[in-house]
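Coordinates in review
Here's the letter readout for the chains.
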Amino acid sequence: MSRRSVASALAVVLVAGAVAPAYAGPADYIMPVEKHTSEKGRALATKYQPQLLQFSEYVYHCLPYLEIRNGLGFKKVPKEQGDNRYAAVWIRAEQAPDPTFAALPMDRQVSAMFSRYAIPMLRRLAAVPGFASDPDVYGFSVAVEWIKPGSDPNRPTMEILAMFADQASTRAFLGMALPAREYVEKMRLTFFDGEKEVGRLPIEVWEDNFVATYQVPGYEMEKGKVCS
Amino acid sequence: MRSKIVTAAALIGIAFLAGACATSEQWAEWRGHNSHFASGDHGMFSMRNNMSGTNPRVTRLDIENTRTQNWWGKTISVEPGQVIQN
């Protein structure tokens, strides 16, 4: 092989390396401290960096069909007065088109997504060490987004359900001291259909063990990672 | 004539409801079948196969790679600030 061809091959490798996409890791799904818009938010983000990273690693490695969107952090209800900060996660649930799901009425679809994904995320957030005794962590927020059934595959419409609930009622609900219906009534709940804010929907909550039990077929966990 | 119109309207109504809503059987199936709409079951993730092709394997990097390749770019959605504030 001539020196020129070796150099050419090396150049190709270098260029390929330079243009290869940089894949996101768990740390990339955490909202940077400076993006929090208040001192309280930034202080919480700094204080709980290790816990946020642990949460992100759990979703990244153990629930690969979910993707954290718009940064894991301490956020607030849009346009709300004051600065109540919620430990917040926004997830995109990747799902293939399913005629049965598509045939459900909208409130049933939303109930299904809430039960399947939001509840396990709430459970995980509530278990983060330190949150329970921290008065600056006002509550928890989970947003779940998915592709609207039947939308244009080339430019899909996203449906988003966002909820905010205070710590006390969330813990009471998770501890089965507060019925699901009352918990839902107490929380702030907003549904978005594409670019339209639909508002509150009458959702139901039921047991769904999908997140706890589902395994992506053939999924090979990175060495050294453990899901619990 | 009037009864024919009522019958036709009833049939159209039933057809509409059947098309718009899942039946109780479908709903039971949805709730009972835990993996029916997860990506892994529908081949959205690229799979690596072993030599015999019977043991598909997918790593986190495969998933990331497929997301990058399959993503559509811009979606129709509200601005994140309408959902939650930083």
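About the thresholds
Residues numbered from 1 in each chain as written. Chains lettered and ligands numbered in written order. Predicted model: local features only at pLDDT ≥ 70, side-chain atom pairs only at ≥ 80, totals over all residues. Helix = DSSP H or I, 4+ residues; strand = E, 2+ residues; numbered from the N terminus. Buried ≥ 20, exposed ≤ 12 C-beta atoms within 10 Å, placed from the backbone. Pairing = 2+ DSSP bridges. Axes fitted to C-alpha atoms, helices over the stretch in contact; angles between N-to-C directions. Parallel < 35°, antiparallel > 145°, perpendicular 65-115°, else oblique. Left-handed = near helix turned anticlockwise from the far one by under 90°. Contact = placed C-beta atoms within 7 Å. Nonpolar A, V, L, I, M, F, W, Y, C, P; charged D, E, K, R; others polar. Core = buried A, V, L, I, M, F, W, Y, C linked by C-beta atoms within 7 Å. Expected span 1.5 Å × (residues − 1). Arc of directions from axis to C-beta.

Okay, the overall build of chain B next. In terms of regular secondary structure, chain B is built from 4 helices and 1 strand. Counting from the amino terminus, chain B carries its helices and strands in the arrangement α-α-β-α-α. Looking at chain B residue by residue over its 86 residues, the buried ones come to 13%.

Let us look at the pairing of strand β5 (residues 158-166) of chain A. All names here are of chain A. Extensive coverage of β5 is indicated by the burial of 7 of its 9 residues. Direction of pairing for strand β4 (residues 137-147) relative to β5: antiparallel, over a ladder of 9 bridges. Along β5, the bridge assignment pairs Phe-140 with Ala-165. Pairing analysis gives 6 bridges linking β5 to strand β6 (residues 188-193), with the strands arranged antiparallel. Residue pairing across strands places Met-163 opposite Leu-189, the latter belonging to β6.

This part covers the packing of helix α5 (residues 106-126) of chain A against helix α6 (residues 167-174) of chain A. Each pair of packed helices can be described by the angle between their axes along with the distance between the axes. Residues and elements named next belong to chain A. Between α5 and α6, the shortest axis-to-axis distance is 11 Å and the interhelical angle comes to 110°. Relative to α6, the element α5 is oriented roughly perpendicular. Seen along the crossing, α5 lies across α6 with a hand that is left-handed. Here Leu-122, Arg-123 and Ala-126 of α5 come into contact with α6, specifically with Thr-170, Arg-171 and Leu-174. In terms of residue class, the contact of α5 with α6 is made up of 3 nonpolar, 1 polar and 2 charged.

A word on the environment of His-61 of chain A. Along the chain, His-61 of chain A falls in helix α3 (residues 49-62). Counting along the chain gives 23 residues from His-61 of chain A to Ser-38 of chain A, while the straight-line C-alpha distance between them is 31 Å. Not counting the four nearest positions on each side in its chain, His-61 of chain A is found in contact with Met-221, Glu-222, Lys-225 and Cys-227 of chain A together with Arg-60 of chain B.

A separate point is the nonpolar core. Within soluble globular proteins, side chains that are nonpolar generally end up buried alongside one another. Core analysis: the biggest nonpolar cluster contains 53 residues, and Val-89, Val-142, Ala-143, Val-144, Leu-161 and Met-163 of chain A have the highest contact counts within it. At the level of secondary structure, the elements contributing two or more residues to this core comprise α2 (39-47), α3, β1 (66-68), β3 (85-93), α5, β4, β5 and β6 of chain A. No other element matches the 9 residues that α5 of chain A contributes to this core. Ala-143 of chain A has contacts with Trp-90, Ile-160, Leu-161 and Ala-162 of chain A together with Val-83 and Ile-84 of chain B, leaving out every residue within four places of it along the chain.

For an α-helix, 3.6 residues make a turn, and residues three or four places apart therefore share a direction. Residues and elements named next belong to chain A. With 14 residues, α3 ought to run about 20 Å at 1.5 Å a step, and its terminal C-alpha atoms sit 19 Å apart, in line with that. Within the span of α3, buried status applies to Leu-52, Phe-55, Ser-56, Val-59 and Tyr-60. In an axial view of α3, the angular spread of the buried residues amounts to 130°, which keeps them on one side of the axis.

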